Amino acid sequence: MLLISEVQSVLERTYRPIGLRVEECLIGPSRCRALRCNAADRDVPEASTFLRTTAAGDLSIAVYYHPSLIEALEREDPRDQLSHRNIHACIAFIEEVTHAVHAALFFLEGRWHPNSERVLCELEILARVDTYWMLIRFAALLQGGIPSLEVRAWIHARVFQDEVYSYQSRRLAKRYRVANQMAGDFVATISALPTSARPTALREFRGLSLPGKRRWLRNAQAGLRL
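Notes on the structure in this doc start here. Everything quoted here is computed from the prediction, not taken from an experiment.

About the criteria used
Residues numbered from 1 in each chain as written. Predicted model: local features only at pLDDT ≥ 70, side-chain atom pairs only at ≥ 80, totals over all residues. Heavy atoms only, no water. Helix = DSSP H or I, 4+ residues; strand = E, 2+ residues; numbered from the N terminus. Rg over C-alpha atoms; globule rule 2.2 N^0.38 Å. Buried < 20%, exposed > 50% of the residue type's maximum accessible area, 1.4 Å probe, protein only. Contact = heavy atoms within 4.5 Å. Phe/Tyr/Trp six-rings, centres within 6.5 Å; stacked < 30°, edge-to-face > 60°. Pairing = 2+ DSSP bridges. 1 Å grid on protein atoms, 1.4 Å probe; cavity = no way out; pocket = protein on both sides within 12 Å on 5 of 7 lines; lining within 4 Å. Points joined across faces, edges and corners; volume = space filled by probe spheres on them. Nonpolar A, V, L, I, M, F, W, Y, C, P; charged D, E, K, R; others polar. Core = buried A, V, L, I, M, F, W, Y, C linked by side-chain atoms within 4.5 Å. Arc of directions from axis to C-beta. Salt bridge = Lys/Arg side-chain N within 4 Å of Asp/Glu carboxyl O.

### Some thoughts on the overall build of the chain
In terms of helices and strands, the chain carries nine helices and three strands. In the chain, the order of α-helices and β-strands from amino to carboxyl end is α-β-α-β-β-α-α-α-α-α-α-α. For a compact globule of 226 residues, the expected C-alpha radius of gyration is about 17 Å, and the chain comes in at 17 Å, within 12% of that figure. Referenced to the eigenvectors of the C-alpha coordinate spread, the extents of the chain come out at roughly 50 × 40 × 35 Å. Across the 226 residues of the chain, 49% fall into the buried class. Residue pairs at least 24 apart in sequence account for 66% of intrachain contacts in the chain once pairs closer than 6 positions are excluded.

### Some points on the packing of aromatic side chains
Per the stated rule, a full pass over the model turns up six aromatic pairs. Measuring from ring centre to ring centre gives 5.1 Å for F186 and W216, while their planes differ by 55 degrees; the resulting arrangement is tilted. Here F186 is found in helix α7 (residues 170–191), whereas its partner W216 is found in helix α9 (residues 210–225), with 30 residues between them in sequence. For the pair shown, F186 and W216 are each scored as buried. Ring-pair connections join several aromatic residues into one group, and the members of that group are Y132, W133 and F160.

### Examining the pairing of strand β3 (residues 59–65)
The element β3 is extensively covered by neighbouring structure, given that six of its seven residues are classed as buried. Where strand β1 (residues 26–27) meets β3, two bridges bridge the pair, whose relative direction is parallel. The residue of β3 that forms the bridge with I27 is Y64. Across seven bridges, the pairing between strand β2 (residues 47–53) and β3 is antiparallel. Paired with S48 across the strands is Y64, a residue of β3. Hairpin connection from β2 to β3: five residues lie between these consecutive antiparallel strands, with G57 at a positive phi of about 90 degrees.

### As for the layout of surface pockets
A volume near 680 Å³ is recorded for the second largest pocket. Those elements giving two or more residues to the lining of the second largest pocket turn out to be α1 (3–14), α5 (117–143), α6 (149–160), α7 and α8 (198–206). Looking at the lining of the second largest pocket element by element, the count peaks at six residues for α5. Class assignment of the residues belonging to the lining of the second largest pocket gives a composition of 15 nonpolar, four polar and six charged.

### Here's the deal with the nonpolar core
Ranked by internal contacts, the top residues of the largest apolar core, which has 63 residues, are V97, I125, L135 and F138. A per-element tally of this core places helix α4 (residues 87–108) first, with 14 residues. Core analysis: the next-biggest nonpolar cluster, separate from the first, contains six residues, I27, F50, A62 and Y64 among them.

### What to know about α8
Residues R198, A201, L202, F205 and R206 constitute the buried set of α8. Down the axis of α8, the buried set is contained in an arc of 130 degrees. They therefore lie on one face.

### Some words on helix α3 (residues 67–75)
Buried within α3 are the following residues: L69, A72 and L73. What you see down the axis of α3 is that its buried residues fit within an arc of 90 degrees, all on one side. The exposed residues of α3 that point more than 90 degrees off its buried face are E74 and R75. Residues of α3 that are buried in the fold lie against α1, β2, β3 and α4.

### Structural notes on the pattern of salt bridges
What the rule picks out here adds up to 15 salt bridges. Between R21 and E24 there is a salt bridge, with its nearest N and O atoms 3.5 Å apart. Residue classification places R21 among the partly exposed residues on the basis of a relative accessible area of 45%. The exposure class of E24 is exposed, given its relative accessible area of 56%. Here the salt bridges share partners, and the residues they tie into one network are E109, R111, E122, R206 and K213.

So this is what it looks like as structure tokens:
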């Protein structure tokens, strides 16, 4: 199975099907350049998801990966090995699949609001959360069971501690800082839950608005302190 299809399949089993294949939304460099010209934010990384509402009211999704990112994952598939050589490419790859899946879910649920900073922040939070657990899943398959504490700590550091907030846009920098903090807090909270309870917590958290997610985290953290 293609890596993009496998990641989408895991996400849809966790949440719900979206009715489209993300691999069919992939675009090349020329189309990416055209979409960048119309982008409000000029800080476009090596992987990008473009979300637009069409004149007919539909959601248009386009996913771009720089050729060097794809080459890195083809040289070292994360399902065969996770290392410093492919981890950041893998994180970028998974995050864009999660953006496409969750944006489609928001649209199907009537929660998609174009250019809403709250919605965009939610997408980043969910991307960090899902990327962490997807990497843990790959590590578990590679190690034949629950990854060691050392491996889990390494994955956590790569997902949550390696982010650089040197964006020209203050809005982008703030969005990523908030998303990183909230996602890290959520992962820490549900890591203490039994494995069987985590999917329910993931679905519950995803279904909340951004203020609802904040309340969920405050309540969970207050409960942990008791």
